[in-house]
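Close look at the chain arrangement
So the chains spell out like this:
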Amino acid sequence: MRLTQILPNITYRCRWVWYRNLIVWTKFYKSSIVANLGEPVLYLLALGYGFSPLISGVNGMSYMQFLAPGLIAYTAMNAATYECTFSAYARMTAQKTYDAIISTPVDIDEVVAGEVLFGTTKAFFASLAMMVVLSLFKLIPAFTALLVPFVVLVTGFVFASLAMLFTSFSQSWDFFSYYFTLFIAPLYFLSGIFFPLSTMPKWVTDAAWFNPLYHSVELSRGLVMGNLKLNMIEDTLWLLVFGTLVFMYAVVRIRKRIIV
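This text gives an overview of the structure that appears in the document. (Residues numbered from 1 in each chain as written. Predicted model: local features only at pLDDT ≥ 70, side-chain atom pairs only at ≥ 80, totals over all residues. Heavy atoms only, no water.)

Structural notes on the environment of L230
- Within the secondary structure, L230 is located in the loop between helix 10 (212–225) and helix 11 (231–258).
- Taking the relative accessible area as the measure of exposure, L230 reaches 72% and is therefore exposed.
- The spacing of L230 and L182 is 48 residues in sequence and 32 Å in space, taken between C-alpha atoms. (Helix = DSSP H or I, 4+ residues; strand = E, 2+ residues; numbered from the N terminus. Buried < 20%, exposed > 50% of the residue type's maximum accessible area, 1.4 Å probe, protein only.)

Shown next, in the form of structure tokens:
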């Protein structure tokens, strides 16, 4: 099947894969949300309160205000990534859930679509919880922050698709250490969450433009602070195009792995 046939081939049946995962998640959603919030809240408290007295301001904002919007995007990335790596790999290999599902009218393309949809859903709820935390700290000042959930959905889609693509190559649990150490970690350190990339050499800022998390952070920060710019359209289009291409390749890879 050609790449251009993937999206039309996916039907509403992917919702049943999403629903199946949702039912399982409701059994432990509290611990899941706490796990997804733990690291970004720790960054907020440790770095925000730790560095704020030492930094007079960043681009006209306090350091806490600069840090907070990026953590929303980071939370979305984290939730989608963990769901579509370890959890998806367990369903694909150890539990043989994919084999069971495709014995029904649901095909493998729809399984992947359902997995990505559920990863996006987890990213959405985790980021909403993070926004509530930031609101308690009075770090969401602008009315335009109401549009941030749309950014979160796109971010979740991109990183859920990326995670599914990597999962299609994974042959063991240990294989994911490469993904988190060599790919995810550099992404969030070079996304503008913790420091403005304008302070870095030009080659770093040029390379950061290809980082999907960078575009998510730029969108989140602009909306949270009410600083709307024309290049936010470019950020949105980049994420949508990149996410769609990665998703289609992930479908091809999973299909080849499951259907021999």
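Okay, back to it.
Overview of the environment of C84
- Positionally, C84 belongs in helix 4 (residues 63–94).
- Its relative accessible area of 0% is what places C84 among the buried residues.
- Sequence-distant contacts of C84, that is, excluding residues within four places in its chain, are made with E115, V116, G119, A160, A163, M164 and T167. (Contact = heavy atoms within 4.5 Å.)

Focus: the side chain of T167
- As for its position among the elements, T167 is in helix 7 (residues 148–167).
- Take T167: its relative accessible area is 1%, and that puts it in the buried class.
- Within the local environment of T167, its side chain forms a polar contact with the backbone oxygen of A163, the two atoms lying 2.8 Å apart.
- Sequence-distant contacts of T167, that is, excluding residues within four places in its chain, are made with C84, T85, Y89, M92, F176 and R257. (Polar contact = N/O pair within 3.5 Å; in protein donor to acceptor, adjacent residues only side chain to side chain.)

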